[in-house]
Amino acid sequence: DDVEATFAACGDKQERRQLCFVLARQGFVLDLEDGPAAVEDADERDALIEIMSNSKLSEYYLMLARDLDVMEPKTPQDVYKSHLVDGSGPTGVDSAKQNLAATFVNAFVNAGFGQDKLLTAVPEGESGEGVSWMYKNREHGKMSAAASLGMITLWDVEGGLTQIDKYMYVSDQHVVAGALLAVGVVNCCVQNENDPAFALLYESVSKDSPAVRVGAIMGLGLAYAGTCKEEVQELLVPILLDPAEPMEVVGFAALSLGLVFVSTQQEDCVQSLLQALMARNETELSEPFAKMVCLALGLLFLGKQDAVDATLEVSKTFNECISKFCQVTLISLAYAGTGDVLKVQELLAICGEHIELEDNTNWRSAHQGPAVLGIAMIAMGEELGTDMAMRMLEHLLQYGEPPVRRGVPLAVALLNASNPDMSAMDMLSRLSHDTDSEVAHNAVLALGIMGAGTNNARLAGMLRNLSSYYSKEPNLLFMVRIAQGLVHMGKGLMSLSPYHTDRQLLSSVALSGLVSVLYCALDVKTTIVGRHHYVLYYLACAMKPRMLLTLDEDGNQVSCHVRVGQAVDVVAQAGRPKTITGFQTHTTPVLLAAKERAELGTDKYLPVSPVLEGLVIVKKNPDYVEEE
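Residue positions are given per chain, counted from 1 along the sequence in the order it is written. Selection of residues for local features in this predicted model requires a pLDDT of at least 70, selection of side-chain atom pairs for listing and counting requires 80 or more, and totals for whole chains, interfaces and linings are taken over all residues. Computation of side-chain values: all heavy atoms of the structure, hydrogens and water removed.

Looking up the protein chain in an unreviewed UniProt entry gives the name 26S proteasome non-ATPase regulatory subunit 2 homolog, with the organism given as Tetraselmis chuii. The Sequence similarities (unreviewed entry) comment attached to the protein chain in UniProt states, word for word, "Belongs to the proteasome subunit S2 family." UniProt positions are given in the numbering used here, feature names are shortened, and annotations may be inferred rather than shown by experiment.

Structural data, given as structure tokens:
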């Protein structure tokens, strides 16, 4: 919490810059103008602000991609590898559902590379393939297709906006909505000095078409996630408090507020979200979008522990069809990553209830799904907690009611984001053939999130087998395709894990993006498989390159030898124990998988940071003597 004091205590320029790299990963912006962290030198201040704004992230990412020689754009067919699956030759059917799946796969695989073969490719002849691909999707599918441009040009604000611009002014409202969402995705986790996102989006929030409004609102939430931008609040709070607004728009507006003001307990936002939930009637509160409002309320208290108590008391007075859902959500988000045993027990007790359902009273058990997710969220902080939670989830599968079982695969995904663990993989593989189709849908999505950006061969094989198994069920096949896209995300250069810096720091922005998708998946039939598949773009908040790139103090790349191996926990061991085991030596830039750690191979350079991960500044060692 005392980041400013730490910053002020940093001795030299390099240490400050290194701290700013970590803050940028965390999504935390220091005030360098005044206060304890003030920097006198204007040039130095600009340099630090540039580092914290992440504006060079795209440049560094492409540096990594060139070094590993993966710049060539991939098509969805390269990912599906359908020729390896028995007997399923390429069928002539060009269904909208399959095209939509290909749109997402294309977006995830080429994320951040700025070029692909469906949308940005230079048209051959006069036909213009990019434009025609957009219109190979049905209405709401066009929205995701246009928004995928934002994912392809991720972090590259100038380059991305020029590509997106031509779709902002077409007559088709769904394409416009997608373009607005793309603007948000491109700006996600990156602050640009010209601040283009707000200027492009704010007018569309009050347009007539609900799709355009949702696109603009979601775009604002993604572009300003974690920045506490007050203009967004002034724009969205009136929408929450207007009783005439449809619940869909209110849900997205709430979630955008939750993302922008994540874990700040911003008073006005809390009040307006509470009022929005109190003012609605029972039929509106039983829509899936009312749950987004509860999630937004939880995000404002992310990781704040006891501070949530007052709001928790208020939520007990809500209409009974949403009250318990809201309470469980608040508890699980407020204690996320803390490993609080008592809260886990509370949530386990909720998962163990056997609730009798009459007709039209599904809401009586709606709070059990988030309770399962809550256990994972609280326990995800350290390895022992994760193992214990995984064991509990096995029990819940055996004894739990259907709503509990539907939450289990999502909880597994949260505990192992971008960390394909063998036992978890087997558990999800078993659930992906479950008789309850919602469990199967969620298990397939969970496989994708668990392997996100790892190119894991075993997972890819599993998903290929599932694609032939579900070849006759369009919805499940759609989910399998999305999972395949996630596993190959960024051609294997990205991670969705919210933890960084040796799993010591939890990025609240990344966690909020991940949790938003998992909460939407609790209602998978209406959201991801239904008309609101574009909620998958919330994953942009959590997407980060899983690299180690060494730089000098001016931000230029330095190649040095590093050893990469499995991390060993050496806390409190005497002497100088080995911190990694089974290592290989590479030259930077290198990829780091989950649970891997790097250390410099020679003494030629000295790292400024004790943890080698992400962007690390190294300086030459004055005492180094090259051996003959």
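**Here's the deal with the UniProt feature "domain: 26S proteasome non-ATPase regulatory subunit RPN1 C-terminal" (unreviewed entry) in the protein chain**
As annotated in UniProt, the feature "domain: 26S proteasome non-ATPase regulatory subunit RPN1 C-terminal" (unreviewed entry) corresponds to residues 571–624 in the numbering used here. A run of H or I in DSSP becomes a helix once it reaches four residues, and a run of E becomes a strand once it reaches two; helices and strands are each numbered from the N terminus. When the span residues 571–624 is considered, its composition is 0% helix and 46% strand, and the gap between its end C-alpha atoms is 29 Å.

**Considering the nonpolar core**
By convention a nonpolar core is built from buried Ala, Val, Leu, Ile, Met, Phe, Trp, Tyr and Cys residues, the set being connected through side-chain atoms within 4.5 Å. Burial classes follow relative accessibility: with a 1.4 Å probe on protein chains only, a residue under 20% of its type's maximum area counts as buried, one over 50% as exposed, and anything between as partly exposed. Counting residues in hydrophobic clusters, the biggest one holds 220 residues, and the most contacted among them are Met151, Phe252, Leu393, Leu445 and Tyr537. The criterion used for residue contact is that any of the two residues' heavy atoms lie within 4.5 Å. Those residues in contact with leucine 393, other than ones at most four positions away along the chain, are Val372, Val408, Ala411, Val412, Leu415 and Met427. Listed in part, the 13 residues of the second largest apolar core include Leu548, Val562, Leu612 and Val618.

**Describing the sheet that holds strand β7 (residues 580–587)**
Any two strands with at least two DSSP bridges between them are considered paired. A sheet is described by the order of its strands in space; here three strands give the open sequence β7-β6-β9, paired in antiparallel fashion. Each edge of the open sheet carries a strand with a single partner, namely β7 and β9 (596–600). Each neighbouring strand pair of the sheet contributes to a mean axis angle of 30°, computed without reference to strand direction. Of the strand pairs in this sheet, strand β6 (residues 561–567) and β9 are connected by five bridges, and their pairing is antiparallel. Paired with valine 562 across the two strands is leucine 600, which belongs to β9. In this description, a line fitted to the C-alpha atoms serves as the axis of each element, helices being fitted only across the stretch in contact, and the angle between N-to-C directions of two axes falls anywhere from 0 to 180 degrees.

**A few points about the environment of leucine 241**
By secondary structure assignment, the location of leucine 241 is in helix α13 (residues 230–241). On the accessibility criterion, leucine 241 (40% relative accessible area) is partly exposed. For the pair leucine 241 and alanine 276, spaced 35 residues apart in sequence, the C-alpha to C-alpha distance is 5.7 Å. In contact with leucine 241, not counting residues within four places along its chain, are Ser272 and Gln275.

**What about helix α28 (residues 508–521)?**
Look at α28: 20 Å from first C-alpha to last across 14 residues, which is about the 20 Å you get at 1.5 Å a residue. By the criterion of burial, α28 is predominantly enclosed, with 14 of the 14 residues buried. By definition here, a helix of n residues has an expected span of 1.5 Å times n minus one.

**A closer look at the environment of glutamine 233**
Inspection of the secondary structure puts glutamine 233 in helix α13. Distance in space between the C-alpha atoms of glutamine 233 and arginine 66 is 40 Å, their sequence separation being 167 residues. Dropping the residues within four chain positions of it, glutamine 233 is found in contact with Pro238, Leu257, Phe261, Gln266, Asp268 and Cys269.

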